[in-house]
Amino acid sequence: MTERTGHGAPRWFRRTVTILVTVVAVLAALVIGLTVLPYNPPVAVSPGALTAEQAEAGYADLIAKDTANPTVLPECKSLDVHPTVPQLGVVLLFHAYTSCPNQFSALAGRLAAAGYRVLVPRWPEHGIADTNAEPVPVDPQDLANFAMRTTAIALGLDQRTVVGGLSGGATLALWAAEHNAGVQRVVALAPFLSPAAVPTRLSHAAGNLMRYAPNLDVWWDFSLKEADQVPRYSYAKFATRSLAGLMSIASTLGTTRSNAYVVHVLNAGDESVDPAAIRVLVGQQRDAGDLVSVYEFPASLHAPHEYVDPDDPANKIEQTFPALVDLFTTGATGLLTPS
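This text gives an overview of the structure that appears in the document. (Residues numbered from 1 in each chain as written. Predicted model: local features only at pLDDT ≥ 70, side-chain atom pairs only at ≥ 80, totals over all residues. Heavy atoms only, no water.)

So, the sheet that holds strand β2 (residues 89-94)
So the rule is basically this: Only when DSSP finds a minimum of two bridges between them are two strands counted as paired. In this text, helices come from DSSP runs of H or I with a minimum length of four residues, and strands from runs of E with a minimum of two, each type numbered from the N-terminal end. Note on definitions: angles span 0 to 180 degrees between N-to-C directions of axes, and those axes are lines fitted to C-alpha atoms, for helices only across the stretch in contact. Note on contacts: a residue pair is in contact if any heavy atoms of the two residues lie within 4.5 Å.
Pairing in this open sheet of seven strands is mixed, and the strands run β1-β3-β2-β4-β5-β8-β9 from one edge to the other. Unpaired on one side and paired on the other, β1 (79-81) and β9 (292-297) mark the two borders of the sheet. If you compare each strand with its neighbour and ignore which way they point, the axes differ by 15° on average. Relative to β9, strand β8 (residues 261-267) runs parallel, the two sharing six bridges. Among the inter-strand pairings, histidine 264 is bridged to a residue of β9, identified as valine 294. Helix α3 (residues 105-113) contacts β1, β2 and β3 (116-120) of the sheet and is inclined by roughly 160° relative to β3. This element, helix α9 (residues 317-330), spans β2, β3, β4 (161-166), β5 (185-189), β8 and β9 of the sheet and lies at about 155° to β5.

Some words on the packing of helix α2 (residues 52-68) against helix α4 (residues 140-157)
Under the convention used in this document: Should an angle lie under 35 degrees it is considered roughly parallel, over 145 roughly antiparallel, and from 65 to 115 roughly perpendicular; all remaining angles are considered oblique. Helix crossings get a hand from a simple test, with the near helix turned counterclockwise from the far one by less than a right angle marking a left-handed crossing and a clockwise turn marking a right-handed one. All residues other than Ala, Val, Leu, Ile, Met, Phe, Trp, Tyr, Cys, Pro, Asp, Glu, Lys and Arg, Gly among them, are scored as polar; the first ten of these are nonpolar and the last four charged.
Running from N to C, α2 and α4 cross one another at 135°; their axes reach a closest spacing of 8 Å. As far as their axial angle goes, α4 and α2 are oblique. Of the two elements, α2 crosses α4, and the hand of that crossing is left-handed. Together, Ala52, Ala55, Glu56, Gly58, Tyr59 and Leu62 of α2 and Arg149, Thr150, Ile153, Gly156 and Leu157 of α4 make up the contact between the two elements. For the contact of α2 with α4, a count of residues per class yields six nonpolar, three polar and two charged.

Observations regarding the pattern of salt bridges
Rules: Salt bridges are counted wherever a side-chain nitrogen of Lys or Arg sits within 4 Å of a carboxyl oxygen of Asp or Glu. Any residue under 20% of the maximum accessible area for its type is buried, any over 50% is exposed, and the rest in between are partly exposed; the area is computed with a 1.4 Å probe on protein chains only.
Scanning the entire structure with this criterion turns up eight salt bridges. With a closest N to O distance of 2.8 Å, glutamate 56 and arginine 117 form a salt bridge. Here arginine 117 lies in strand β3 and glutamate 56 lies in helix α2, a separation of 61 residues in the sequence. With a relative accessible area of 5%, arginine 117 lands in the buried category. With its nearest N and O atoms 2.7 Å apart, the salt bridge here joins arginine 232 to glutamate 75. Of the two residues, arginine 232 is situated in the loop between β6 (217-219) and β7 (237-239) and glutamate 75 in the loop between α2 and β1; the sequence distance between them amounts to 157 residues. On the basis of relative accessible area, arginine 232 is assigned to the partly exposed category, the value being 44%. Each of Glu56, Asp80 and Arg117 takes part in a single network of salt bridges with overlapping partners.

With respect to the nonpolar core
For clarity, the threshold we go by: As used here, the term nonpolar core means buried Ala, Val, Leu, Ile, Met, Phe, Trp, Tyr and Cys residues forming a set that is joined through side-chain atoms within 4.5 Å.
Within the largest apolar cluster, 53 residues are counted, with the highest numbers of intra-cluster contacts made by Phe94, Leu119, Trp123, Leu143, Leu172 and Val186. Tallying contributions element by element places α4 first for this core, with nine residues. Counting residues in hydrophobic clusters, the runner-up holds 31 residues, among them Val118, Tyr295, Tyr307 and Val308.

Regarding the packing of α4 against helix α5 (residues 168-178)
One can describe the packing of α4 onto α5 by two numbers: an axis separation of 10 Å at closest approach and a directional angle of 65°. For the pair α4 and α5, the crossing hand works out as right-handed. Listed contacts from α5 to Leu143, Ala144, Phe146, Ala147, Met148 and Thr151 of α4 are Leu172, Trp175 and Ala176. Here the residues of the contact of α4 with α5 are counted per class, giving eight nonpolar, one polar and no charged.

Considerations on the environment of alanine 314
Note that alanine 314 resides in the loop between β9 and α9. Assessed through its relative accessible area of 38%, alanine 314 is described here as partly exposed.

Notes on α2
Where we set the bar: Multiply 1.5 Å by the residue count of a helix minus one, and that product is the helix's expected span. Along the arc lie the directions from the helix axis toward the C-beta atoms.
With 17 residues, α2 extends 24 Å between its outermost C-alpha atoms, agreeing within 8% with the 24 Å of an ideal straight helix rising 1.5 Å per residue. Looking only at α2, the buried set comprises Ala55, Gly58, Tyr59 and Asp66. Each buried residue of α2 sits inside an arc of 85° when the element is viewed along its axis, so together they form one side. Structural note: α2 exposes Glu53 and Ala68 on the side pointing more than 90 degrees away from its buried face. Those residues of α2 that are buried are in contact with β1, β3 and α4.

Take a look at the structure:
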């Protein structure tokens, strides 16, 4: 016999509703709390202006440490590609999160042929990957210090400095340009601002949740768990704490006017980033007084997220590099329509 209280609903039903309402209320309070809780973004700590000799020594030290570290894959050592014609400037490239400098090796060669010395430093805790590797979380302040130090090195080598990057590397490039007045131009390829799968209204809460919760190593694509890792230096997983750190860095973009000319390059076929969020950032940058252009590769190109990587079998190097070389060397291209 069903237990009732008076002539109302059964007691089990009332208890169930009470539990569900309580759970929903707790979850709502958690989301609201995580949304209003401010990020704790890293601080820009400048190493100061470097002489050419100090800059040369600083970058040589990075390469020497990579070479001496037996766990770093040979192709993942920091790159220093010298121009094959009279030098016109320096391009500093930040590879994507969970990748390594080899991702930009082919583009570095093209830019060197155009007259630029190209630096591609290895991120902290990167370039040591295989299928079973667990990515070590990267502290956002360490990442910010890495960006500031390498940008200072580039400027010390040549005041005609351009910075750029892909995905999380593009986020670092934009941040470095905002905090280094000497940077002339920044070319951001699909900057990571927040996970594309997370609704924009919940992205701030998601970032704080990943920041305060225990770190998790999550498969980029669980369906490829048993497959060989290609490229071999790309981590098959990401650390949630590292994503939270990148999001805290991204949260400050567009709040400080940059002296650099800003070029965003989108990929309409890329589902790994949220183009709407990037266009919101573009609006914020323009409101701050930045000179910003946006170019986009069409969806018909079917370019993957890491389309510049020579070791990605699906790369679109031949189709995209002519425009990218234009953008890095001049800030404009007639091969794509700006917006």
